[in-house]
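# Notes for the structure review
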Amino acid sequence: MIGALTAGTVASVAVADRLVVAGAGAVGAAVAWAAARDRLAGEVVLVDPDPGSGASRVAGGMLAPISEAWPGERDVLELGAASLARWPALAERIAEDAGTPVGLRREGTLQVAVDSADVADLERIAEHLRAWGRGVERLTGREVRRREPSLGPAVRAGIAVPDDLAVDNRRLLATLAAAGRARGVVADGRRVTRVVDDGARVVGVSLDGEVLEADRVVVAAGAWSAALHPALADRVRPVKGEILRVRARRSSLPPPTRTVRAAVSGRPVYAVPRDGGRLVVGATQYEAGFDPDVLVGGVRDLVADVERVLPGIADYALEETAASFRPGTDDNLPLLGPVGPSGLLAATGHGRNGMLLVAVTVDALTAVLRGDALPAEAAPAAADRPDVASGPAARVR
Ligand code: GLY
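Criteria and thresholds
Residues numbered from 1 in each chain as written. Predicted model: local features only at pLDDT ≥ 70, side-chain atom pairs only at ≥ 80, totals over all residues. Heavy atoms only, no water. Helix = DSSP H or I, 4+ residues; strand = E, 2+ residues; numbered from the N terminus. Rg over C-alpha atoms; globule rule 2.2 N^0.38 Å. Buried < 20%, exposed > 50% of the residue type's maximum accessible area, 1.4 Å probe, protein only. Contact = heavy atoms within 4.5 Å. Areas by Shrake-Rupley, 256 points an atom, 1.4 Å probe, with all protein chains shown as cover. Lys, Arg positive; Asp, Glu negative; His and termini not counted. Charge placed at Lys NZ, Arg CZ, Asp CG, Glu CD. Pairing = 2+ DSSP bridges. Axes fitted to C-alpha atoms, helices over the stretch in contact; angles between N-to-C directions. Core = buried A, V, L, I, M, F, W, Y, C linked by side-chain atoms within 4.5 Å. Salt bridge = Lys/Arg side-chain N within 4 Å of Asp/Glu carboxyl O. Parallel < 35°, antiparallel > 145°, perpendicular 65-115°, else oblique. Left-handed = near helix turned anticlockwise from the far one by under 90°. Nonpolar A, V, L, I, M, F, W, Y, C, P; charged D, E, K, R; others polar. Phe/Tyr/Trp six-rings, centres within 6.5 Å; stacked < 30°, edge-to-face > 60°.

### Some details on the overall build of the chain
- Counting its regular elements, the chain contains eight helices and 20 strands.
- Taking 397 residues into account, the globule formula puts the C-alpha radius of gyration at 21 Å, and the chain, at 21 Å, falls close to it.
- Classification of the 397 residues of the chain by burial places 58% in the buried group.
- Considering only intrachain contacts with a sequence separation of at least 6, the fraction spanning at least 24 residues in the chain is 75%.
- With the model as given, the accessible surface of the chain reaches about 15,400 Å², and the carbon-plus-sulfur share is 52%.
- Side-chain charges of the chain comprise 47 positive and 50 negative groups, with the mean position of each set lying 5 Å from the other.

This is the structure:
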């Protein structure tokens, strides 16, 4: 929803050092804004026919590295932690340029358990957090309910992770659009169908057949990135997710103020607060290609699982259901920086962590655009790392 950007058409004239960013989700819009802010190109063009309409629009907005990664995925966790640490400063810089806040929330996360297997999982998560020096507090069911009275009697235990953040994804998209505009990012409302190179270096992007010349191209097209250049083929795949957006009514129990996460019958579920008594409830996860439909079964599972934890939610208004596609990679790390011909840069493959990893992605891409190497914390996510050969089924979680 970054309609605030005037999505025109960039004339196909040569501009010294033009940077094209393909994809105006949170990652692409943030990279374009930062590149323009730091004057890292003669012109920054952000190309997207429907800005902010993909996974960024459907995101929960949790900035919570532990709960979105397997504890064994050390590199994913480290990258997420590095990004979380960068988020407050990033939010301030975007807000300064946009003139409005991005909607960062600091209430933290409550991870709760409803059966004995979940209680064991909680202990494991708590140990990882402690080993990392992150603040974490073990809570009984009663203590959890004292903090969040909307949690129901099925909740047996919990851990509080006060350092986690959350961001209003749609407000962030609007704010990034305003910040990009303030810094002179040029919006082009066409679709990049492929990146064009001469065998050695990038020469432009094809926009439905017409070539827009460019010296460098950042592919930030999320789940759609693989089709844009052979160097990215098979590196990113769609991982479908469905969410609900609900609103507490006057008669309802007030919603939680913290992000609430749980595993119910082995299925992860989360409820992330938004202003106005709203919650984003998510998310299903399927390897189903680009199937755009919200399925009845997906909604049923989300409602059943979240109701177990927040029983009062049955009285909330169901305002929206939505589906989109996380950009999955075989090792659950994003693809950042140079790949393939000179001038081609990736900022994609962020999987479940797109919002969280915006901050570290901005730093990684601006370093590369400045001519530096990928920063050390982003090195495991280097886009030119060897591909992991594993089938999609191995990656579902
Ligand atoms: N990060 C939330 C999700 O992928 O569902």
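### A short note on unusual backbone geometry
- Cis rather than trans, the peptide bond between Gly282 and Ala283 has omega equal to -25°.
- A positive phi angle is found at Asp234, which is not glycine, with a value near 65°.
- Assignment of secondary structure puts Asp234 in the loop between strand S13 (216–219) and strand S14 (237–247).
- Positive phi is not limited to glycine here, since Asn332 has a value of about 65°.
- Relative to the helices and strands, Asn332 is located in the loop between strand S18 (317–328) and strand S19 (335–338).
- Of the residues examined, Asn332 reaches a relative accessible area of 17% and is grouped as buried.

### Description of the sheet that holds strand S7 (residues 157–161)
- Read from one edge of the open sheet, eight strands run S6-S7-S5-S15-S16-S17-S14-S18, paired in mixed fashion. If you trace the sheet from one side to the other, it starts and ends with strand S6 (137–140) and S18, each paired once. Here the average twist between neighbouring strands, direction ignored, is 20°.
- In terms of strand pairing, strand S5 (residues 109–113) meets S7 through five bridges, oriented antiparallel. Paired with Leu110 across the two strands is Ala160, which belongs to S7.
- The sheet contacts of helix H4 (residues 116–131) involve S5, S6, S7 and strand S15 (259–264), and relative to S7 the element is tilted by about 20°.

### A look at the sheet that holds strand S4 (residues 104–105)
- Reading across from one edge, S3-S8-S4 is the order of the three strands in this open sheet, with antiparallel pairing throughout. The sheet terminates laterally at strand S3 (62–63) and S4, the two strands that pair on one side only.
- Contacts from helix H3 (residues 74–98) reach S3, S4 and strand S8 (165–167) within the one sheet, and its direction differs from that of S8 by about 45°.

### Focus on the pairing of S5
- Most of S5 is tucked away: five of the five residues are buried.
- Judged by which residues are buried, S5 turns out to be covered on both faces: Thr109, Gln111 and Ala113 on one side and Leu110 and Val112 on the other are all buried.
- As judged from the five bridges shared by S5 and S15, these two strands associate in the parallel manner. Its bridge partner being in S15, Leu110 is matched across the sheet by Val260.

### Describing the nonpolar core
- Counting residues in each nonpolar core, the largest one holds 58 residues, and the members touching the most others are Val44, Trp87, Leu172 and Val218.
- At the level of secondary structure, the elements contributing two or more residues to this core comprise strand S1 (18–22), helix H1 (26–37), strand S2 (43–47), H3, S8, helix H6 (169–182), strand S20 (344–348) and helix H8 (354–370).
- By residue number, the principal contributor to this core is H8, which donates 11 residues.
- By size, the runner-up hydrophobic cluster in this structure holds 25 residues, among which are Leu110, Leu139, Leu244 and Val264.

### Concerning the pattern of salt bridges
- Enumeration according to the criterion identifies 30 salt bridges in this entry.
- Where Glu320 meets Arg170, a salt bridge forms, and the shortest distance between an N and an O atom there is 2.8 Å. Remark: Arg170 occurs in helix H6 and Glu320 occurs in strand S18; sequence separation between them is 150 residues.
- On the basis of relative accessible area, Glu320 is assigned to the partly exposed category, the value being 23%.
- Here Arg170 falls in the buried class, since its relative accessible area comes to 15%.
- One network of salt bridges, with partners in common, ties together Arg105, Glu107, Arg171 and Asp275.

### What to know about the packing of H3 against H6
- Contact geometry of H3 with H6 gives a least axis separation of 7 Å together with a crossing angle of 60°. Between H3 and H6, the crossing angle belongs to the class labelled oblique. In terms of crossing hand, the pair formed by H3 and H6 is left-handed. Contacts between H3 and H6 involve Trp87, Ile94, Asp97 and Ala98 on the former and, on the latter, Leu172, Thr175, Leu176, Ala178, Ala179 and Ala182.
- When the residues that make up the contact of H3 with H6 are grouped by side-chain class, the tally is eight nonpolar, one polar and one charged.

### Thoughts on the packing of aromatic side chains
- Following the criterion strictly, the structure yields three aromatic pairs and no others.
- With 5.1 Å between their ring centres and 70° between their planes, Phe290 and Phe325 make a pair best called edge-to-face. Taken together, the residues span a long stretch of sequence, with Phe290 in the loop between strand S17 (278–282) and helix H7 (296–309) and Phe325 in strand S18 at a distance of 35 residues.
- Owing to a relative accessible area of 41%, Phe290 belongs among the partly exposed residues under this scheme.

### Focus: the environment of His128
- Counting through the fold element by element, His128 comes out in helix H4.
- Assessed through its relative accessible area of 26%, His128 is described here as partly exposed.
- As a C-alpha pair, His128 and Gly72 span 56 residues in sequence and 9.6 Å in three-dimensional space.

In short, geometric facts, not functional conclusions.
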